[in-house]
Amino acid sequence: MDATERFTELVRRPPDEVPLDETALLIAKHAHPDLDLSGPLGELDQLADVVPGATAEDVAGALFGERGLAGNTVDYADPRNSYLDDVLARRLGIPISLSVVMIEVGRRVGVPIYGVGMPGHFLVQPAGELDVWFDPFHGGQRLDEAGCRELYEQMRLEPPFSVDLLRAVDTRRILSRMLANLQQTFMRRDPASLAWAARLRLRIPELLPGERRQLAGLLGGVGRFLEAADELEGVATELEGDDAEQVTRDAAALRSRAN
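Small disclaimer: the values here were computed from a predicted structure and weren't measured.

A count of helices and strands for the chain gives 12 helices and seven strands. Its C-alpha atoms give the chain a radius of gyration of 19 Å, within 12% of the compact-globule value 18 Å for 259 residues. Taking all 259 residues of the chain together, the buried fraction comes to 50%. Pairs at least 24 residues apart make up 55% of the contacts formed inside the chain by residues separated by at least 6 positions. Counting only carbon and sulfur atoms, one obtains 49% of the accessible surface of the chain, whose full area is about 12,100 Å². Positive and negative charge centroids in the chain, built from 28 and 43 side chains respectively, lie 4 Å apart.

Turning our eyes to something else, we now look at the packing of aromatic side chains. According to the stated counting rule, one finds three aromatic pairs in the structure shown. Summarising the aromatic geometry, the rings of Tyr152 and Phe161 are spaced 5.9 Å apart at their centres and angled 55 degrees between planes, so their arrangement reads as tilted. The class of Tyr152 is buried, set by a relative accessible area of 1%. Accessibility expressed as a relative area gives 9% for Phe161, which makes it buried. Judged by centre distance (5.5 Å) and plane angle (65 degrees), the rings of Phe186 and Trp196 are edge-to-face. One end of the pair, Phe186, is in helix H8 (residues 171–189); the other, Trp196, is in helix H9 (residues 194–202), and 10 residues separate them in sequence.

Here the focus is helix H1 (residues 3–11). Within the sequence span of H1, burial applies to Ala3, Thr4, Phe7, Thr8, Leu10 and Val11. Looking straight down H1, one finds that the buried residues subtend no more than 165 degrees of arc, so they occupy a single side. Between a side-chain oxygen at the N-terminus of H1 and the backbone nitrogen of Thr4 the separation is 3.2 Å; the capping residue is Asp2.

Here the focus is the pairing of strand E4 (residues 123–126). The side chains of a regular strand alternate, first on one face of the sheet and then on the other. The alternating pattern of E4 places Leu123 and Gln125 and Val124 and Pro126 on opposite faces, both of which are buried. Note that strand E3 (residues 113–116) and E4 share four bridges and pair antiparallel. Bridge pairing links Tyr114 to Gln125 in E4. Counting the residues that bridge the hairpin from E3 to E4 gives six residues, and of these Gly120 lies at a positive phi of roughly 85 degrees.

Right, let's talk about the environment of Glu129 for a bit. Position of Glu129 relative to the elements: it lies in the loop between E4 and strand E5 (133–135). C-alpha of Glu129 to C-alpha of Ile113: the two residues are 16 residues apart in sequence and 9.8 Å apart in space.

Bringing the pairing of E3 into the picture now. Direction of pairing for E3 relative to strand E7 (residues 168–169): antiparallel, over a ladder of two bridges. Looking at the pairing, Val116 lines up with Ala168 of E7.

Our next topic: the pattern of salt bridges. Applying the stated criterion to the full structure yields 25 salt bridges. A salt bridge links Asp21 to Arg108; the shortest N-O distance between them is 3.0 Å. Taken together, the positions of Asp21 in helix H2 (residues 20–31) and Arg108 in helix H6 (residues 95–108) put the pair 87 residues apart, joining distant regions of the chain. Residue classification places Arg108 among the partly exposed positions, given a relative accessible area of 24%. Arg67 is the partner of Glu66 in a salt bridge, and the nearest nitrogen-oxygen pair spans 3.9 Å. On the basis of relative accessible area, Arg67 is assigned to the partly exposed category, the value being 33%.

One finds Phe7, Ile27, Val101, Met102, Val105, Leu175 and Trp196 to be the most contacted residues of the largest nonpolar core, which totals 54 residues. Every element with two or more residues in this core is listed here: H1, H2, helix H3 (38–49), helix H4 (56–66), helix H5 (84–90), H6, H8 and H9. Here this core takes seven residues from H6, the largest share from any one element. In this view, Val105 contacts Leu44, Leu47, Ala48, Val51, Val59 and Leu63; residues no more than four positions away in its chain are not counted. Counting residues in hydrophobic clusters, the runner-up holds 17 residues, among them Ala198, Leu207, Leu218 and Ala236.

About the thresholds
- Residues numbered from 1 in each chain as written.
- Predicted model: local features only at pLDDT ≥ 70, side-chain atom pairs only at ≥ 80, totals over all residues.
- Heavy atoms only, no water.
- Helix = DSSP H or I, 4+ residues; strand = E, 2+ residues; numbered from the N terminus.
- Rg over C-alpha atoms; globule rule 2.2 N^0.38 Å.
- Buried < 20%, exposed > 50% of the residue type's maximum accessible area, 1.4 Å probe, protein only.
- Contact = heavy atoms within 4.5 Å.
- Areas by Shrake-Rupley, 256 points an atom, 1.4 Å probe, with all protein chains shown as cover.
- Lys, Arg positive; Asp, Glu negative; His and termini not counted.
- Charge placed at Lys NZ, Arg CZ, Asp CG, Glu CD.
- Phe/Tyr/Trp six-rings, centres within 6.5 Å; stacked < 30°, edge-to-face > 60°.
- Arc of directions from axis to C-beta.
- Polar contact = N/O pair within 3.5 Å; in protein donor to acceptor, adjacent residues only side chain to side chain.
- Pairing = 2+ DSSP bridges.
- Salt bridge = Lys/Arg side-chain N within 4 Å of Asp/Glu carboxyl O.
- Core = buried A, V, L, I, M, F, W, Y, C linked by side-chain atoms within 4.5 Å.

In structure tokens form, the structure reads like this:
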């Protein structure tokens, strides 16, 4: 089974049965076709072996202290920051990829840790600790709600901060956000890779029609006209009225370009 088929199979499992470590590595395998997943999976096991206790603080201290994982503040947009194998090898990442490491090492040592999809800066939260978050990008810093608010407000984003922005997200949402980050990077650095990133994101269930329409547009923009048309025709079945008619016309236009 190739990497796309395996990714598709895994993300269509019930949400709590989607393996974050393997699916994140399958994203990386699209950039590194010769990647043997057993290597970085073993590295995660080895990182778990050095965690000295059974708390999230222990996990953060081992990863971002002793083992030296850190946020890449020099070249944040480097795609290697989103490939889990590279993150483990280089000890550099962005908030979401470093969070994946902390989540997966925590799972291995019996410390449940959830991803928190705060806009602009991904965080993690230990299970059962309602006012505790960790920032893997900044050395595994422990935060309370006020600290999260300060971090968010420094980015000058909309909407205004509220605790609702600190909700835990499931594995599918983590993977979708990782791929969205790669899309942004590829638009600037490697447009040829946009197709596989968009294709993988489209394999994730429960994407909104608007998201699927945007991703189909990316596929069409890199010459994958029939693939984009197929996706748009699927979107049209979920819409009504003028919206459905417009998406159907867009799909037909893409098909004509393929001929």
